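Residue-level structural notes
Next come the chains, spelled out residue by residue.
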Amino acid sequence: MATAAAPSASEPEAESKVGPKTEGEEDEAKAARTRRKVLSRAVTAATYKTTGTEWDQQEEGVSESDGDDEEYAMASSGDSSPEEYEWEYDEEEEKNQLEIERLEEQLSINVYDYNCHVDLIRLLRLEGELTKVRMARQKMSEIFPLTEELWLEWLHDEISMAQDGLDREHVYELFEKAVKDYICPNIWLEYGQYSVGGIGQKGGLEKVRSVFERALSSVGLHMTKGLAIWEAYREFESAIVEAARLEKVHSLFRRQLAIPLYDMEATFAEYEEWSEDPIPESVIQNYNKALKQLEKYKPYEEALLQAEAPRLAEYQAYIDFEMKIGDPARIQLIFERALVENCLVPDLWIRYSQYLDRQLKVKDLVLSVHNRAVRNCPWTVALWSRYLLALERHGVDHPVISVTFEKALNAGFIQATDYVEIWQAYLDYLRRRVDFKQDSSKELEELRATFTRALEYLKQEVEERFNESGDPSCMIMQNWARIEARLCSNMQKARELWDSIMTKGNAKYANMWLEYYNLERAHGDTQHCRKALHRAVQCTSDYPEHVCEVLLTMERTEGTLEDWDIAVQKTETRLARVNEQRMKAAEKEAALAQQEEEKVEQRKRARAEKKALKKKKKPRGADKHRADEEDEKEWGADEEEQPSKRRRTENSVPPSGETRGAEVEIGPAERHASVNVDPPSKQKDKAAALKRDMPKVPHDSSKDSITVFVSNLPYSMGEPDVKLKPLFEACGEVVEIRPIFSNRGDFRGYCYVEFKEEKSALQALELDRKNVEGRPMFVSPCVDKSKNPDFKVFRYSTALEKHKLFISGLPFSCTKEELEEICKTHGTVKDLRLVTNRAGKPKGLAYVEYENESQASQAVLKMDGMTIKENVIKVAISNPPQRKVPEKPESRKAPGGSMVPRQLYGARGKGRTQLSLLPRALQRPSATPQAENGPAPRPAVTTSATTEAPKMSNADFAKLLLRK
């Protein structure tokens, strides 16, 4: 494409050097076509790689690599037959054409697919489609800002083909577009060098100086890359120096030395050598001052040089430093530098535009940044809203703002609520344009028409796409009703709107009725207020007591006796019905609880009968020993043994040959000690004695910083300290591994790992979720929860992450590699995690992190509803629900004041290791829960659950549990 004329110039030479001719003329023609294709692509590739001063050579038709490319083409054509090359390239061209058609069709569906634009330009450029590649680049540049690489590639192609003055003007226009997208010193340098080539034209000298001056104002303060612009400008002025131009070079040296830049010392030495006169004292003072400033900036610049892209944290620290100093030019520059590598970070654009809105307030600069922000992150509604405000703030014409709003609607937001927000921002702007002192105006009619269009758009477009309203509380309709009532004095229209709001499922909410009541109170009349409250009493289901209270208060101050009687009758009837419904719900809950208790009792009886049958089948000689075993099991086990039994999973295998109750194993290597079976009355004391005699695992809380807590290990793991040591030694020197065992010597699945250094413990935390003998090992900081009760470790974010997807419904057989292969077709996958249970088994869920929000939103649209191994998956933006906090005991008090015994469950329900300290037979649910508002109704009959149970001994509890 870029060197369409180059191959034709070399064809005769290439053909003359080709090997022996083929037999027929047709074969010879095919061979010539094949050689031209090889040569064309070789020269094109060489031309595209050419930069800087080689442009001039290309314009004159000279290329150092032409000879090599021709030799390569001839050698290639001599090694294989023409038929082979023709077949290979025809097949490749056909494949590329099919891919081009597919990409063009995809862009016709979704024009905001960035990667699709890039791939299309690459293929068109490879095929030499000059017209099409220009159109593709133009189309992409209108939607997205192009990166430095894409612009330089485009500019080099156009420069290599520029021949006359018109072509040069076209290249100048491209340069002007390029420097507006991002701050790129390389593009400015290329712009200046290219303008030097046109110095012979009319106004060429002024053009060069204008470009270099703009480049200095844009990137001249860049500490690491600004030096090249200064040197190029000085070299140009030195090349055309005359007696009258010497001062221009002096001026450039002095301006540069007053700015903190890398290699300032070399520039100062060069100035001393170039200048015939001594350097003025003022220049030396400015130079020394700039050197001191350079020392302050160096730590931040070195941090950027050492870090890897995109270096967001380093740029943010640099921005904070510049904001404290307060130099607007430098603040603007560091923001621009940060955005070159972090152009898809909406928060950085918001911070930059907020600074410009509040501090500089320069119209062209502010609007330019807002425009670039929405072009880089079109899916972020906050950027569009701020852009509309900036346009209004700087007095931009209404048609321009309307066009901007239409672009926002087509930007492809990823949430239904985003569309509500952008509509609200535009409606607010239209409302501020209206002069409400006039009864009717063009602006008011446009506002009303836009409200109508907004409601239709949200209903037809948003609800169909997201399967949700996005505006469940009808905020847009509420604002319209308030405008009609307060600003237009049109209560009839406001009432119609509130009727529509109530018919959309909001009639059951007390706050919606009270909003309507307040509007009628301020701008309507008492009759409509009374009517609204009467309807609210009948419809409200969340806080009916509050609505009833408001109605009675109004009638007490304004109503007649008849109004008061009607209000009292309606409120009493309504509250009686509500209390009756609540009683029925409580009774239903109690019945379900009773059924659950009966099922538990049935399971207990079934287990007991099964044990009795097993005893009958045993030989008579073993009965006594078995009975002693059962007695020891029920009475001799201490309280700490029970949780370890309940925590057994499929990986928990008891040691072979172990006799329960008859022997107690103290540790993994301890000998078994014989224990005589005592009467039940002595078993508790013996268990306590065993507990006291058992060796404890000491833990020094002062070593928490160098210790990690390891859990969820298999109970069947033998010698855990030996098996885990090589794993943790990779993180640093291990001082000790302390596994925890039960009273009978069984490994309890967790241990403490103490390191010599704190950094080793921090590195060990990265082993969290590592698979150990088929289970994910949990590694967490060692924290005393008795001193830090609120400490929780959760390694993954629980907030909205727009660049991360949540996938559900996956088949359990789906592997990480298979899912990654599917996901990476829609963007760059940075991380992928399959969710597993504590045993390491898949749960059919996954989290996929993409490089940016745009790729994630595209993946949602294309993957949601996809079928994988006969499973239909669901894909959504990751937004986990709030983790539930267990209720405090005080909130579980019954209306009578007594505490209803109830197990406190965690965020995932009742765990297998939790024990109920009160037998289920004594637990009774509350039959009359407290009302949400107002006094709770008194129970008609006092149940036995509210009476205080007599104190019981441990023996009484045991008898109760063993009762059949």
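Here we summarise the structure given alongside this text. (Residues numbered from 1 in each chain as written. Predicted model: local features only at pLDDT ≥ 70, side-chain atom pairs only at ≥ 80, totals over all residues. Heavy atoms only, no water.)

**Topic: a positive patch on the surface**
Definition in use: To count toward a patch, a residue needs a relative accessible area over 30% and no salt bridge; like charges are then connected within 9 Å, while nonpolar side chains (Val, Leu, Ile, Met, Phe, Trp, Tyr) are connected within 5 Å. We get accessible surface area from the Shrake-Rupley algorithm with a probe of 1.4 Å; when it comes to residues, only the shown protein chains can shield them. By definition here, a salt bridge exists when the distance from a side-chain nitrogen of Lys or Arg to a carboxyl oxygen of Asp or Glu is within 4 Å. A positive count includes Lys and Arg, and a negative count includes Asp and Glu. His and the chain ends are not counted in either. Note that the charge is assigned to NZ on lysines, CZ on arginines, CG on aspartates and CD on glutamates. The helix count covers DSSP runs of H or I at least four residues long, the strand count covers runs of E at least two residues long, and both are numbered beginning at the N terminus.
Where like charges cluster on the molecular surface, the positive patch consists of Lys599, Arg603, Arg607, Lys610, Lys611, Lys614, Lys615 and Lys617. Of note, Lys610 is situated in helix α29 (residues 561-617).

**Section: the pattern of salt bridges**
Heads up, the condition is: Relative accessibility under 20% of the residue-type maximum defines a buried residue, over 50% an exposed one, and the middle range a partly exposed one, all with a 1.4 Å probe and only protein chains included.
Considering all chains together, one arrives at 47 salt bridges under this definition. The salt bridge involving Arg125 is made with Asp157; its shortest N-O contact spans 2.8 Å. Pair noted here: Arg125 is in helix α6 (residues 114-127) and Asp157 is in helix α8 (residues 148-161), with a separation of 32 residues, a long-range link. Residue Arg125 shares its accessibility class with Asp157, and that shared class is buried. The partner of Lys804 in a salt bridge is Glu801, with the nearest N and O atoms 3.4 Å apart. Residues joined in a network through salt bridges with shared partners are Arg125, Arg137, Glu153 and Asp157.

**Concerning the sheet that holds strand β8 (residues 801-808)**
Which entries qualify depends on this criterion: What makes two strands pair is DSSP finding at least two bridges between them. Helix axes are fitted to C-alpha atoms over the stretch in contact, other axes to C-alpha atoms as well, and angles between N-to-C directions run from 0 to 180 degrees. Any two residues having at least one pair of non-hydrogen atoms within 4.5 Å are treated as being in contact.
Taken together, 4 strands build an open sheet; the order of strands is β9-β10-β8-β13 and the sheet is antiparallel. Unpaired on one side and paired on the other, β9 (829-836) and β13 (874-878) mark the two borders of the sheet. Neighbour-to-neighbour, the strand axes of the sheet open up by a mean angle of 25°, direction not taken into account. By the bridge criterion, 7 bridges tie β9 to strand β10 (residues 842-850) in an arrangement that is antiparallel. Paired with Val835 across the bridge in β10 is Leu845. Together, β8, β9 and β10 form the strand contacts of helix α35 (residues 816-823), whose direction differs from that of β9 by roughly 140°.

**What about the packing of helix α22 (residues 416-433) against helix α23 (residues 442-466)?**
The following threshold applies: Orientation labels follow simple angle bins: below 35 degrees gives roughly parallel, above 145 gives roughly antiparallel, 65 to 115 gives roughly perpendicular, and whatever is left gives oblique. Any residue that is not Ala, Val, Leu, Ile, Met, Phe, Trp, Tyr, Cys, Pro, Asp, Glu, Lys or Arg is counted as polar, Gly included; the first ten are nonpolar and the last four charged.
In contact at an axis separation of 10 Å, α22 and α23 are set at 175° when each is read in the N-to-C sense. With respect to their mutual orientation, α22 and α23 come out roughly antiparallel. Where α22 approaches α23, its residues Ala416, Tyr419, Val420, Trp423, Tyr426, Leu427, Leu430, Arg431 and Arg433 are matched on the opposing element by Glu443, Glu446, Leu447, Thr450, Phe451, Arg453, Ala454, Tyr457, Leu458, Val462, Arg465 and Phe466. In the contact of α22 with α23, the residues fall into 14 nonpolar, 1 polar and 6 charged.

**Topic: helix α13 (residues 246-257)**
Our working rule: Here the expected length of a helix is defined as 1.5 Å per residue gap, with one fewer gap than residues. Summarising the geometry, the arc corresponds to the directions from the helix axis toward the C-beta atoms.
Across its 12 residues, α13 extends 17 Å between first and last C-alpha, which sits within 8% of the 16 Å expected from 1.5 Å per residue. Listing the buried residues of α13 in full gives Val249, His250, Leu252, Phe253, Gln256 and Leu257. End-on, the buried residues of α13 take up no more than an arc of 160°, which puts them together on one face. Against α11 (204-219), α12 (226-239), α14 (264-274) and α15 (281-306) lie the buried residues of α13.

**Some details on the sheet that holds strand β6 (residues 770-772)**
Sheet strands pair by backbone hydrogen bonding; their relative direction is either parallel or antiparallel. Spatially, 5 strands are ordered β4-β5-β3-β7-β6 in an open sheet, and the strand pairing comes out antiparallel. Each of the sheet's edge strands pairs with one partner strand only, and the pair in question is β4 (734-741) and β6. Neighbour to neighbour, the strand axes of the sheet diverge by 30° on average, direction disregarded. Of the pairings in the sheet, the one linking strand β3 (residues 707-711) to strand β5 (residues 747-755) comprises 4 bridges and is antiparallel in character.

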